[in-house]
Amino acid sequence: KIKFAEGLPSKYSTMVVIPTIVKDAKKVKQMFDNLEVYYLSNKTENIYFTLLGDCSSAEFKTVDADDEIVRAGIKRVNELNEKYGKKLFYFIYRNRFYNEGEDCYLGFERKRGALNHFNKLLLNKLSTEEKNEFFNCHTFDNFNIPIKYVITIDTDTKMVLNTACLLYTSRRG
């Protein structure tokens with residue numbers, strides 16, 4: 001095991017992400033409240049937190065709630081980052097794509113697609129056009145932190161005290 005008694009070195013920078021369908025501003029607040037608790041229980045340098053919001057399925061590419069969700073996500077990110085005096089929290093809300101099999105608009109490939117797009121965004125492997133195509137909104141402008149690990153948390157999973165630092169292991173041989 002790798003031990004981080006002095007905190008997490010920047011070469012092991014980690015992003016904790018919750019990918020979930022977000023239907024309204026209430027869900028945005030709930031998920032950011034969870035992320036804030038995870039931050040407080042894993043408070044160390046070089047750990048960051050993202051709500052990866054996927055749009056709900058709909059008859060149309062956009063719905064009225066989309067604007068409310070985007071405003072709520074950006075507002076909550078700004079509040080939390082101001083509260084803690086640094087950029088720790090991020091928000092993504094994806095666009096809908098028409099899915100013939102489901103006969104509706106929804107997030108491209110749901111959770112797998114969301115995580116693939118998210119990883120490409122973190123690795124800076126998306127053009128401006130691709131970012132606009134995939135994301136209704138994201139707060140990763142000028143993000144230049146090399147992330148080594150991504151910890152994906154389901155909405156019903158709890159990240160208890162110091163969990164993030166306990167997950168690291170090294171393999172020999």
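The preceding data block contains the structure.
Residues numbered from 1 in each chain as written. Predicted model: local features only at pLDDT ≥ 70, side-chain atom pairs only at ≥ 80, totals over all residues. Heavy atoms only, no water.

Caption draft 1: Structural context of helix 2 (residues 64-84). The end-to-end C-alpha separation of helix 2 is 32 Å, in line with the 30 Å expected for 21 residues at 1.5 Å each. Buried within helix 2 we find Asp66, Ile69, Val70, Ala72, Gly73, Arg76, Val77, Leu80, Asn81 and Tyr84. Taken down its axis, helix 2 places every buried residue within 165° of arc, on the same side. In helix 2, the exposed residues that point more than 90 degrees away from the buried face are Asp64, Arg71, Lys75, Glu82 and Lys83. Tucked inside the fold, the buried residues of helix 2 contact helix 1 (25-41), strand 3 (89-94), strand 4 (96-99) and strand 6 (135-138). Phi turns positive, to about 70°, at Gly85, one or two residues after helix 2. (Helix = DSSP H or I, 4+ residues; strand = E, 2+ residues; numbered from the N terminus. Expected span 1.5 Å × (residues − 1). Buried < 20%, exposed > 50% of the residue type's maximum accessible area, 1.4 Å probe, protein only. Arc of directions from axis to C-beta. Contact = heavy atoms within 4.5 Å.)

Caption draft 2: Focus on the packing of aromatic side chains. Under the definition given, this model contains 14 aromatic pairs. Taking 6.3 Å as the distance between ring centres and 10° as the angle between the ring planes, the aromatic pair formed by Tyr12 and Tyr149 counts as stacked. Remark: Tyr149 occurs in strand 7 (residues 149-152) and Tyr12 occurs in the segment before strand 1 (14-21); sequence separation between them is 137 residues. With relative accessibility at 16%, the residue Tyr12 sits in the buried group. With a relative accessible area of 30%, Tyr149 lands in the partly exposed category. Relative to Phe140, the ring of Phe118 has its centre 6.1 Å away and its plane inclined at 75°; by these criteria the two rings are edge-to-face. Within this pair, whereas Phe118 is found in helix 3 (residues 110-122), its partner Phe140 is found in the loop between strand 6 and strand 7, the two being separated by 22 residues in sequence. On the basis of relative accessibility, which here comes to 0%, the residue Phe118 falls in the buried class. Pairwise contacts between aromatic rings join Tyr39, Phe49, Tyr84 and Phe89 into one cluster. One residue, Lys61, lies across the ring of Phe97, its end atom 4.9 Å from the ring centre. (Phe/Tyr/Trp six-rings, centres within 6.5 Å; stacked < 30°, edge-to-face > 60°. Lys NZ or Arg CZ within 6 Å of the ring centre and 35° of its normal.)

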